[in-house]
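For reference, the chains in residue letters:
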Amino acid sequence: TYQFSSHESAPPGTPLGRIKANDPDVGENAEIEYSISNGDGSDMFDIITDKDTQEGIITVKKHLDFENKMLYTLRVEATNTHPDPRFLQLGPFKDTALVKISVEDIDEPPVFSRPWYLIEVDEDAKEGSIIGQVVAHDPDITKNAIKYSVDRHTDLDRIFNIYSGNGSLFISKPLDREETPWHNITVIATEINNPKQSSQISVFIRILDINDHAPEFAKYYETFVCENAKAGQLIQTVSAVDKDEPPRGHKFFFELVPEFAVHPNFSIVDNKDNTAGIMTRRNGYKMGTYLLPIIIFDNDYPIQSSTGTLTIRVCACDSRGNMQSCNAEALLLPAGLSTGALVAILLCIIILLVLVVLFTALKRQRKKEPLIISKDDVRDNIVTYNDEGGGEEDTQAFDIGTLRNPEAREESKMRRDVIPETIFQIRRTAPLWENIDVQDFIHRRLKENDLDPAAPPYDSLATYAYEGNDSIANSLSSLESLTTEGNQDYDYLSDWGPRFKKLADMYGGEDSDRD
């Protein structure tokens, strides 16, 4: 008797063990062949012969299930492959052994009741409605509880959900067959006690159509009629489309709205093939445009309908009925722009031009520098004269008339860095005569500033390029140098000290003059 064991998850072909029958012969007389003669596991296991060792190898033939059967018994027979006919009466040349195989249980994932699920649901189903159920069970003896979930990678919009306890699927968002007719989701079943054991199943959800869309014209029709048309002429054939897909196919009906049931100008003929013809009802039409409202019905439940308006333009035609020209209003109105659109475009252009002009004006505007740049800078305004002299020989380069002209002087201004306690009326300077002496001009300006109560409280420096009579060095201006015919004596520079030594060396001696 031999005993072996196997896990229920062992795949077919897995070897379980070896058995051996002893034969004292040698050579081909010792060759043995093994087979399963009977037993309750003859269809679940197999045995093969190892020619090198003369052993029998027991293997798995089919998938095992611990929950279905835990123990199998086999009767294995070992037989000589080359019996000698002379000794047959001494037989039989074979032997049998009993082999018992026990199946060991392993924790298996849940198993669904079907290989896949197909669920059909109407597109008008309410949110929260249960549309179907998936069922799975634990194949182990422990029968662990199972929870269900939806793989969100297959339902990104979260349209469906599932009750984790019983696997019932329900709707979380409204359905629209015209947008998505099929939904393919995956449901996962997991053991509560062992979350590693899980399995998944595909669920195909088909959305059934509900007649929730009305039929409408298949396209925009441009319909023309000749002004000399005869009654009963076909001028246009119209058709319809519908987003719904009824199981019996589309069926449309056409008729005029009740207010135009007996239209004096045109009539409609239903062709019973989802098309309709527009017919003339009188002879001759005036130039203009006619509006013909048409109702389109379907034959599904609930019946849906819509009203489409057909625009018919009257055109001039030749004798053969070929269109030559139509009224300008009918032809230009659909293709042109409305008055409101033109006004809006014009306003946009005007606003854009105004913005460009403002931007250009701001760019050209000059920025004025403040009077005082920092708190430590209390200097007076600097007046710059862009008159460049021609050298010592040019006595007319500097226009001293600017200093003598009282109109060139700026009006007195209040100090900008402090707030004056009292604002006085700025007094204008009395005009001076033209040929006044510069010294008198300075004295007058000094007196005016001393007596002016609105003058700034800080010191002001004004340079007029005039040397006073009491100066030790007399006038240092080179403007008078041309009036001296002889060479000047610069010996006095030596008496001014070491600071003027370099200047005394340059102008002090005769050698320097000759140089």
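As annotated in an unreviewed UniProt entry, the protein is Cadherin-9 from Balearica regulorum gibbericeps. On record in UniProt, under Function (unreviewed entry), the comment for the protein is "Cadherins are calcium-dependent cell adhesion proteins." Annotation of the protein in UniProt includes, under Subcellular location (unreviewed entry), the sentence "Cell membrane".

A.B. asks: I would appreciate a short explanation of the state of the cysteines in the present structure.
C.D. replies: Going through the model one piece at a time under the given rule, you end up with one disulfide. The disulfide that involves Cys226 links it to Cys317, with 2.0 Å between the sulfurs. Its S-S torsion of approximately -85° makes the covalent link between Cys226 and Cys317 left-handed. A residue pair is termed long-range when its members are at least 10 positions apart, and Cys226 in strand β18 (residues 223-226) and Cys317 in strand β24 (residues 305-317) qualify at 91 residues. In this pair, the class of Cys226 matches that of Cys317, namely buried.

A.B. asks: Can you help me understand helix α4 (residues 438-451) in this one?
C.D. replies: For an α-helix, the turn length of 3.6 residues means that residues three or four places apart are oriented alike. Here α4 contains 14 residues, and its C-alpha end-to-end distance of 20 Å stays within 8% of the 20 Å for a straight helix at 1.5 Å per residue. For α4, the complete set of buried residues consists of Val438, Phe441, Arg445 and Glu448. The buried side chains of α4 occupy one side of the element, clustering within an arc of 85° when seen end-on. Pointing more than 90 degrees away from the buried face of α4 are the exposed residues Lys447, Asp450 and Leu451.

A.B. asks: Any chance you could explain a negative patch on the surface here in plain terms?
C.D. replies: On the surface, Asp122, Asp124, Asp157, Asp176, Glu179 and Asp212 cluster together into a negatively charged patch. Of note, Asp124 is situated in the loop between β9 (117-122) and β10 (130-133). Residue Asp124 is classed as partly exposed on the basis of its relative accessible area, which comes to 44%.

A.B. asks: Quick question: what am I supposed to make of the pairing of β24 here?
C.D. replies: Successive residues of a regular strand alternate their side chains across the two faces of the sheet. Sheet topology places β18 next to β24; four bridges connect them, and they run parallel. Residue Phe224 lies in a different strand from β24, and its bridge partner there is Arg313. Two elements, strand β23 (residues 289-298) and β24, share nine bridges in a ladder whose sense is antiparallel. Bridge pairing in β24 links Ile296 to Ser306.

A.B. asks: What am I meant to see in unusual backbone geometry here?
C.D. replies: If a residue is not glycine, its phi is most likely negative; likewise, a peptide bond is most likely trans. The backbone of Arg158 sits at a positive phi, close to 55°, despite the residue not being glycine. One can find Arg158 in the loop between β12 (146-150) and β13 (160-162). In this structure Arg158 comes out as partly exposed when scored by relative accessible area, which is 48%. Phi at Asn274 is positive, roughly 70°, even though this residue is not glycine. Mapped onto the fold, Asn274 is located in the loop between β21 (266-270) and β22 (275-280).

A.B. asks: For this particular structure, what's the right way to read the side chain of Glu77?
C.D. replies: Of note, Glu77 is situated in strand β6 (residues 71-80). Judged by its relative accessible area of 19%, Glu77 is buried. When residues no more than four places from it in sequence are discounted, the contact partners of Glu77 are Glu33, Tyr34, Ser35, Ser37, Lys94, Asp95 and Thr96.

A.B. asks: Quick question: what am I supposed to make of the packing of aromatic side chains here?
C.D. replies: In this description, an aromatic ring pair is defined by two values, namely the gap between the centres and the angle between the planes. Overall, the coordinates contain nine aromatic pairs when judged by the stated rule. Ring geometry for Tyr285 and Tyr290: centres 5.9 Å apart, planes at 75°, overall edge-to-face. Among the residues examined, Tyr285 registers a relative accessible area of 4% and is labelled buried. One aromatic cluster is present, built from ring pairs that chain together Phe266, Tyr285 and Tyr290.

A.B. asks: Help me understand the nonpolar core, please; the structure alone is not making it clear to me.
C.D. replies: A general feature of soluble globular proteins is that nonpolar side chains tend to end up buried together. Core analysis: the biggest nonpolar cluster contains 24 residues, and Phe254, Phe266, Ile278, Ile294 and Ile312 have the highest contact counts within it. Elements with a minimum of two residues in this core: β18, β19 (234-241), β20 (252-256), β21, β22, β23 and β24. Those residues within four positions of Phe266 in sequence are excluded, and the remaining contacts are Val225, Ile235, Leu256, Ile278, Met279, Thr280, Arg281, Tyr285, Tyr290, Leu292 and Ile312.

A.B. asks: Even after reading the chapter, I still don't get the sheet that holds strand β2 (residues 15-20), so can you show me in this structure?
C.D. replies: The strands making up a sheet associate through backbone hydrogen bonding, with each pair oriented either parallel or antiparallel. Strand order in the open sheet formed by three strands is β2-β5-β4, with antiparallel pairing between adjacent strands. Only two strands of the sheet have a single neighbouring strand rather than two, namely β2 and β4 (45-50). Averaged over all neighbouring strand pairs, the angle between strand axes comes to 25°, with direction disregarded. Bridging between β4 and strand β5 (residues 55-60) involves six bridges; their strand directions are antiparallel. Across the sheet, residue Asp50 finds its bridge partner in β5, namely Glu55.

A.B. asks: Explanation requested: the sheet that holds β13 in the structure shown.
C.D. replies: Pairing within the open sheet is antiparallel, and its three strands lie in the order β10-β14-β13. In this open sheet, the two strands that pair with only one neighbour each are β10 and β13. The sheet shows a mean angle of 30° between the axes of neighbouring strands, direction not considered. Summarising the sheet, β10 and strand β14 (residues 168-171) pair through three bridges and their orientation is antiparallel.

A.B. asks: Help me understand the pairing of β6 in this model?
C.D. replies: Note: strand β3 (residues 32-39) against β6, seven bridges, orientation antiparallel. Bridged to Glu33 within β6 is Thr79. Bridge count between β6 and strand β7 (residues 94-104): nine bridges; the pairing is antiparallel. Paired with Tyr72 across the bridge in β7 is Ile101.

Each value, and the rule that gives it
Numbering of residues begins from 1 in every chain and follows the order in which that chain's sequence is written. Restriction of local features to residues with pLDDT of at least 70 applies here, the model being predicted, together with a cutoff of 80 or more for giving and counting side-chain atom pairs; totals for whole chains, interfaces and linings are based on all residues. Remark: hydrogens and water are excluded; side-chain values derive from all non-hydrogen atoms of the structure. UniProt positions are given in the numbering used here, feature names are shortened, and annotations may be inferred rather than shown by experiment. To count as a disulfide, a pair of cysteine sulfur atoms needs to be within 2.5 Å. For the purposes of this entry, the term helix denotes a DSSP run of H or I that reaches at least four residues, the term strand denotes a run of E that reaches at least two, and both are numbered from the N terminus. When accessible area is computed with a 1.4 Å probe and restricted to protein chains, residues below 20% of their type maximum are described as buried, those above 50% as exposed, and intermediate ones as partly exposed. An expected span of 1.5 Å times one less than the residue number is assigned to each helix. To obtain the arc, one takes the directions from the helix axis to the C-beta atoms. To count toward a patch, a residue needs a relative accessible area over 30% and no salt bridge; like charges are then connected within 9 Å, while nonpolar side chains (Val, Leu, Ile, Met, Phe, Trp, Tyr) are connected within 5 Å. In these tables, accessible area is a Shrake-Rupley quantity obtained with a 1.4 Å probe, and a residue counts as shielded only by the protein chains included in the view. Here a salt bridge means any side-chain nitrogen of Lys or Arg lying within 4 Å of a carboxyl oxygen belonging to Asp or Glu. Counting rule for charge: Lys and Arg are taken as positive, Asp and Glu as negative, and neither His nor the chain ends is counted. To locate a charge, take NZ of a lysine, CZ of an arginine, CG of an aspartate or CD of a glutamate. One bridge is not enough; two strands pair if DSSP finds at least two bridges between them. Contact criterion: two residues are considered in contact whenever any of their non-hydrogen atoms come within 4.5 Å of each other. In this analysis, rings of Phe, Tyr and Trp, with Trp reduced to its six-membered ring, are considered paired at centre separations within 6.5 Å, and the interplanar angle assigns stacked below 30 degrees, edge-to-face beyond 60, and tilted for intermediate values. We define a nonpolar core as any set of buried Ala, Val, Leu, Ile, Met, Phe, Trp, Tyr and Cys residues linked to one another through side-chain atoms lying within 4.5 Å. Between N-to-C directions, angles cover 0 to 180 degrees, with each direction set by a line fitted to C-alpha atoms, over the stretch in contact for helices.

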